[in-house]
Amino acid sequence: MELIGIIILMGVVTYLPRLIPMYLIDVERIPVKLKLFLSFIPYAALGALILPGSISAVNGKPVVSALGILSAVIIAWFSSNIIVTMLLTVAATFIFISIGFQF
Amino acid sequence: MKSLRLKDGVLAGIPVFIGYFPIAVTFGLLAVSVKISLLETLSFSVIVFAGASQFVGLNMIIAGIGAGEIVLTTFLLNFRHFLMSASLSTKSSFNSGLIPFIAFGITDETFSVASMEKRTFSDSYILGLNFTAYSGWVAGTVAGYLAGDFLPPVLQESISICLYAMFVAILIPAARKSFRAGIIALIAGISNSFLEYSAIFSSGWNIIISILAASIAGMVFFSEE
């Protein structure tokens, strides 16, 4: 198959799961339990997106990655500004690598 | 209370833009190294618009793996968006004519930003958020393909933590306010770590199972706030 064909199919199978629930769910008529379940998905998704992926964020350097994420947690504890946390975390990680953490 | 509009959405999308750009640059670099054309590379980011699966897909193509398997892997890897899209649907009544455009831009990051927004928002808010994220992804892809390795190596390494820092930046303030939010995130994170370590299923399954398990646990143990 041509590369462009594969790309289009990848696009289709990515798009449909994003699209279909929006037509299926009627906010007005959704059972309370299901709504409660759906309201927890953001937190569950964030947890599963952060762990364990963040430990291998910096390729081949799990210690640097772990220190970086720990810094992010501490910074985010004190600042609710997303950009501030992102930039300070990158700066902290930059410092960890620069001062010679190899792993 | 005033509902959030286009401008608020664009502003909320800026952290996502910042997080996407360097990763998309890496995707552009990878594309150059495996010798696919700029148009093909751009098609990836414009049509698929899903970070991890683009890297995985491109690697599978290079490895000569068949189209069927590549498409199936992509589907599994991105199926978590089904849950996110369903969850987001309960936040707002979207205009059904705009749903095809809103749905296209739902990613881990745009979903996280929008779903943690406590204020009510209009369709234009979410379109602004998604479009800002999308432009970061597409612009970064082109920049990486054309400009090549323009970031110093240490900075490039440090930047790879950016999106994780963003997830943490969204989660921690929410977990500080709500104990149950923190517990559910922790359950999902531990479950996903365990599943990844055990390597029984693929990563796509692991994340879906973990999100479901933690949200179901929440539904069973917590009542409506």
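Residues numbered from 1 in each chain as written. Chains lettered and ligands numbered in written order. Predicted model: local features only at pLDDT ≥ 70, side-chain atom pairs only at ≥ 80, totals over all residues. Heavy atoms only, no water.

On to the overall build of chain B, then. Looking only at helices and strands, one finds twelve helices and zero strands in chain B. In sequence order, chain B lays out its α and β elements as α-α-α-α-α-α-α-α-α-α-α-α. At 18 Å, chain B has a C-alpha radius of gyration in line with the 17 Å of a compact globule built from 225 residues. Dimensions of chain B, computed from C-alpha atoms along their principal axes, come out at roughly 55 × 45 × 40 Å. When burial is assessed residue by residue, chain B has 53% of its 225 residues classed as buried. Across chain B, contacts joining residues at least 24 apart in sequence account for 75% of those joining residues at least 6 apart. When the accessible surface of chain B is split by element, carbon and sulfur atoms take 71% of a total near 9,600 Å². A gap of 12 Å separates the mean positions of the 11 positive and 12 negative side-chain charges of chain B. (Helix = DSSP H or I, 4+ residues; strand = E, 2+ residues; numbered from the N terminus. Rg over C-alpha atoms; globule rule 2.2 N^0.38 Å. Buried < 20%, exposed > 50% of the residue type's maximum accessible area, 1.4 Å probe, protein only. Contact = heavy atoms within 4.5 Å. Areas by Shrake-Rupley, 256 points an atom, 1.4 Å probe, with all protein chains shown as cover. Lys, Arg positive; Asp, Glu negative; His and termini not counted. Charge placed at Lys NZ, Arg CZ, Asp CG, Glu CD.)

Take the environment of Tyr23 of chain A next. Within the secondary structure, Tyr23 of chain A sits in helix α1 (residues 3-24). As a C-alpha pair, Tyr23 of chain A and Leu49 of chain A span 26 residues in sequence and 26 Å in three-dimensional space. Excluding anything up to four places from it in sequence, Tyr23 of chain A contacts Ser96, Ile99 and Pro100 of chain B.

Relative orientation of the contacting elements helix α2 (residues 32-50) of chain A and helix α10 (residues 162-177) of chain B amounts to 140°, with a least axis distance of 10 Å. In this view, α2 of chain A runs oblique relative to α10 of chain B, as classed from their interaxial angle. The chirality of how α2 of chain A crosses α10 of chain B is left-handed. Mapping the contact onto sequence places Tyr43, Leu46, Leu49 and Ile50 of chain A in α2 of chain A and Tyr164, Phe167, Val168, Ile170, Leu171 and Ala174 of chain B in α10 of chain B. Residue composition of the contact of α2 of chain A with α10 of chain B, grouped by class: ten nonpolar, no polar and no charged. (Axes fitted to C-alpha atoms, helices over the stretch in contact; angles between N-to-C directions. Parallel < 35°, antiparallel > 145°, perpendicular 65-115°, else oblique. Left-handed = near helix turned anticlockwise from the far one by under 90°. Nonpolar A, V, L, I, M, F, W, Y, C, P; charged D, E, K, R; others polar.)

Moving on, we come to the packing of α1 of chain A against helix α5 (residues 80-89) of chain B. Remark: α1 of chain A packs on α5 of chain B, axes separated minimally by 7 Å, with the N-to-C direction vectors making an angle of 30°. If you check the angle between α1 of chain A and α5 of chain B, you find them roughly parallel. Classified by chirality, the crossing of α5 of chain B by α1 of chain A is right-handed. Each of Pro17, Arg18, Ile20, Pro21 and Met22 of chain A in α1 of chain A lies in contact with α5 of chain B, whose residues at this interface are His81, Phe82, Ser85, Ala86, Leu88 and Ser89 of chain B. Here the residues of the contact of α1 of chain A with α5 of chain B sort into seven nonpolar, three polar and one charged.

Right, let's get into the pattern of salt bridges. Enumeration according to the criterion identifies four salt bridges over all chains in this entry. As a salt-bridge pair, Arg29 of chain A and Asp26 of chain A come within 3.2 Å of each other at their nearest N and O atoms. The partner of Glu117 of chain B in a salt bridge is Arg119 of chain B, and the shortest N-O contact between them spans 2.8 Å. (Salt bridge = Lys/Arg side-chain N within 4 Å of Asp/Glu carboxyl O.)

The terminal C-alpha atoms of α10 of chain B lie 24 Å apart, and with 16 residues this matches the ideal 22 Å at 1.5 Å per residue to within 8%. Among the residues of α10 of chain B, those classed as buried are Cys162, Leu163, Ala165, Met166, Phe167, Val168, Ala169, Ile170, Leu171, Ile172, Pro173 and Ala174 of chain B. (Expected span 1.5 Å × (residues − 1).)

All names here are of chain A. Between its first and last C-alpha, helix α3 (residues 62-78) extends 25 Å over 17 residues, near the 24 Å set by a 1.5 Å rise per residue. Val64, Ser65, Gly68, Ile69, Ser71, Ala72, Ile75 and Ala76 are the residues of α3 that are buried. Buried residues along α3 cover an arc of 155° about the axis, so they all sit on one side. (Arc of directions from axis to C-beta.)

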